[in-house]
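Report on the structure
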Amino acid sequence: MALLPQHAQRGWRHGCLQPWCPSGPVSALGSPMLPGCAQRWWSHTAESCRGTVFSAVTGLQHPLGAGRQVQDPHRRPQCRMHRLSSVLSHRWVWPQPHGTTGLIATAKPGTSPSASPGSTATPRSWTLDPSGDWYYCWITIMVLPVLYNWIVLICRSCFPDLQEQHIVLWLSLDYLCDALYLLDIAVHLHTGFLEDGILVRDHGRIRQRYLSSPSFPWDVAAVLPTDLLYLRLGPGVPAVRANRCLRVPRLFEAFDRWETRTGHPNAFRVAKLMLYVFITIHWHSCLYFALSSWLGLGTDTWVCPNASRPGFAHPLRQYLHSFYFSTLILATVGDTPEPRREEEFLFVTAGFLLAVLGFATITGSISSVISNRNAADAAFYPDPEPVRHYLRAQGVGGRLSRRVADWHQHLRAQRKLPAERSVLRHLPRGLRADVAASVHLLALRRVGLFQSWEHGVLQQLVLRLQPQVFGPGEFVCRRGDVGREMYFIREGRLAVVAEDGVTQLAILGEGLYFGEISLINIKGNTSGNRRTANIMSIGYSDLFCLSKEDLAEVLVEFPSARAMMEAKGRELLLRMGKLDVHAEAVAAAAAEEAKQRVQALETALEGLQTQAARLLAQLESSAFKLALRIERLECRPRRRQPAGGAAPPCWPQGHPQPAATGARTAAR
């Protein structure tokens, strides 16, 4: 301190880490022009304090780096505490793992994301994506204070002993919920919204939209400091915090998000319904005890017994008795004491009316859950009833009817979905391809034919594959049938059987395929597009079916895949002895000859087109010349010179007159 000037010592005593020189010169590094040793002490102290204090407070590396930044020499130096507060007010964006989490760091318009905290630029801020994980986690947290106020507040208001015995605990939880409510308002001010499908991150527009929304007055009303009434009424009246129950829309929003994200929506709907029933009975029981206390505990058989009865001195026993009594009333079970007073009659009548409404709501909700579940099952699995009615109407039954029933039962038991296209038809094509690829691409890659194919071909094939399930002893195809599909074995085992249908010639397992020969036009194939073998399912077999039209559409787009499939089909025909090599050579020669003829015809056609164009040009030129001559002949009688001078030359209308021709006309 002895080395510092007097004005610097005054600035240091005022609490700043950097002495402030009100009138002295400032160096290029932002420090006052001090004597030599004081200047060195100043630089070392400033740098060490800046790094040490910031690291100790924030636990992060200083954003300004270890080096010094050159500032404007005419700028007034700032206090080190002021710079530290600027650094701490900077909103840091923490590194996120792979994938979106819904927390988006943005910079306000006119600012740079890399601006230093000590500069005058506006710091970066964060925006929550309403469909992201961060927002989902936050509204999940907000469920706790809302349920706390809806369940605990009424209980504390109606049971005074419960409020008095745990007053410190209740006050701590109350103010914790208030802090979460205030923080939720801040989250609202940083939650973006979609406009034209794009997330709006402008905090000015987000703030304006939230302040003008209908939920903002309710959010403010829910955090009004009604606790100040404790100063007049005392802490034993928690009903002054009844405005905290106004945040119930946040609870409904969280339930909607949970229902869309859970894998068991029907079970969640039932659990939510049971929660509503519990809260209704809880409120009714608390009001019943409050009415009993007002009428007098133990004054008659209808009200709650007083503390003189064994066990009823504890608040828990009083609450359980009230909850049991309310359950009997709202469940309309009966077996409740008969009311004696007008207030008791009114309370019981209101409870019965509420029970009727509750039963109607519960019945409707349960029926909705059941109908939704049936609709979901109908969308995934075929209904066996129409087939059963058809067989019964036609007088067919016995073994065939049992096979149909077993097939439908197998689909439901193994969760196999033959109607995948109808389920995914509402999705966009790109998303539908991603969903189908995530389900079937691994199974498709196990097929030997597709192991060397490129990913684009498999993406196109996945959209066109149709799952099919065959039962035991069912023929997939028979020899001689017209082939319109090829099959890929996903699960199960199939047998290549002889004509007797019993003798097994070969076994086909998972990853194999068959039926491609009848779909591809291989030259020299003696069987044409007919099936060459009998394929029978040994047990339940899960196959992929690809039609001829879909395969041709894919192979047109990918000729290399077509060449590979034709080569494999040719090898198979050679092993089976169904490929006529001579006919294949003749067909190849005929195809080559046809190709040459087509090329010759194309060349001749190009020559004819050129000649036709030349003839057309000559015809146009001759027609133009003929028109000129006719025009000249028509203008010749009018070329006689009048008395006043020479007549103007005549030229076809719409054509410019050449200079030489005009000169010759004038000379004539």
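Residues numbered from 1 in each chain as written. Predicted model: local features only at pLDDT ≥ 70, side-chain atom pairs only at ≥ 80, totals over all residues. Heavy atoms only, no water.

Applied cut-off: UniProt positions are given in the numbering used here, feature names are shortened, and annotations may be inferred rather than shown by experiment.
In the nomenclature of an unreviewed UniProt entry, the protein chain is known as Cyclic nucleotide gated channel subunit alpha 4 of Accipiter nisus. Taken from UniProt, the Subcellular location (unreviewed entry) comment for the protein chain reads in full: "Membrane".

A closer look at a nonpolar patch on the surface
To keep things clear, this is the line we draw: Nonpolar side chains (Val, Leu, Ile, Met, Phe, Trp, Tyr) within 5 Å and like charges within 9 Å form the patches, drawn only from residues with over 30% relative accessible area and no salt bridge. Calculation of accessible area relied on Shrake-Rupley with a 1.4 Å probe; when residues are assessed, cover is drawn exclusively from the protein chains displayed. Should a side-chain nitrogen of Lys or Arg be within 4 Å of a carboxyl oxygen of Asp or Glu, the pair is scored as a salt bridge. When a residue's accessible area, from a 1.4 Å probe over protein chains only, is under 20% of the maximum for its type it is buried; when over 50% it is exposed; and in between it is partly exposed.
On the surface, V270, M274, I366 and I370 cluster together to form a nonpolar patch covering roughly 330 Å² of accessible area. For M274, a relative accessible area of 52% puts it in the exposed group.

Quick notes on the sheet that holds strand 6 (residues 475-477)
As a reminder, the rule being used: Two strands pair if DSSP finds at least two bridges between them. The secondary structure listing takes helices from DSSP runs of H or I that are at least 4 residues long and strands from runs of E that are at least 2 residues long, numbered from the N terminus. Every angle, taken between N-to-C directions, lies between 0 and 180 degrees, and every axis is a line fitted to C-alpha atoms, over only the stretch in contact when it is a helix.
Strand order across the open sheet formed by four strands is 6-11-8-9, with antiparallel pairing between neighbours. Each of the sheet's edge strands pairs with one partner strand only, and the pair in question is strand 6 and strand 9 (504-508). Neighbour to neighbour, the strand axes of the sheet diverge by 30° on average, direction disregarded. Two elements, strand 6 and strand 11 (residues 534-537), share two bridges in a ladder whose sense is antiparallel.

Looking at the UniProt feature "transmembrane region" (unreviewed entry) in the protein chain
Feature annotation in UniProt assigns "transmembrane region" (unreviewed entry) to the following positions: residues 133-155, 273-296 and 345-366. Along residues 133-155, the helical share is 100% and the strand share 0%, with 34 Å between the first and last C-alpha atoms. Counted over residues 273-296, helix gives 96% and strand 0%. Its end C-alpha atoms are 34 Å apart.

What to know about the packing of aromatic side chains
The relative placement of two aromatic rings is captured by the distance of their centres and the angle of their planes. Test applied: A pair of aromatic rings is counted whenever rings of Phe, Tyr or Trp (Trp by its six-membered ring) have centres within 6.5 Å, and the orientation is called stacked for planes under 30 degrees apart, edge-to-face for over 60 and tilted otherwise.
What the rule picks out here adds up to 17 aromatic pairs. Judged by centre distance (6.1 Å) and plane angle (75°), the ring pair of F255 and F268 falls under edge-to-face. Pair noted here: F255 is in helix 10 (residues 248-261) and F268 is in helix 11 (residues 265-295), with a separation of 13 residues, a long-range link. The exposure class assigned to F255 is buried, which follows from its relative accessible area of 4%.

Some thoughts on the environment of H321
Where we set the bar: Any two residues whose heavy atoms approach within 4.5 Å are treated as being in contact.
Tracing the sequence through the fold places H321 in helix 12 (residues 315-330). Here H321 is in contact with Y288, C304, P305 and F312, once residues within four sequence places are set aside.

Considerations on the pattern of salt bridges
In total, this model carries 20 salt bridges according to the counting rule given. In this structure, R156 engages D174 in a salt bridge whose closest nitrogen and oxygen atoms are separated by 3.0 Å. You can see R156 sitting in helix 4 (residues 133-158) and its partner D174 sitting in helix 6 (residues 167-189), a full 18 residues away along the chain. Here the two residues R156 and D174 agree in accessibility, since each one is buried.

Examining helix 10
How we decide: Multiplying 1.5 Å by the helix residue count minus one yields the expected span of that helix.
With 14 residues, helix 10 should cover 20 Å at 1.5 Å per step; its first-to-last C-alpha distance of 20 Å lies within 8% of that length. The complete set of buried residues in helix 10 reads V248, R250, L251, A254, F255 and E259. Close packing links the buried residues of helix 10 with helix 4, helix 6 and helix 11.

Brief notes about the nonpolar core
Defined as follows: We call a set of buried residues a nonpolar core when its members are Ala, Val, Leu, Ile, Met, Phe, Trp, Tyr or Cys and they connect through side-chain atoms within 4.5 Å of each other.
The biggest cluster of nonpolar side chains holds 23 residues, and the ones touching the most others in it are C155, F159, C286, Y288 and W302. In this structure C286 touches I154, C155, C158, F159 and Y319, once residues within four positions along its chain are discounted. Counting residues in each nonpolar core, the second largest holds 22 residues, with L441, V462, F544 and L555 among its members.

Here's the deal with helix 18 (residues 455-464)
Counting buried positions along helix 18 yields seven of ten residues, so the element is predominantly enclosed. Burial in helix 18 covers these residues: V457, L458, Q459, L461, V462, L463 and R464.

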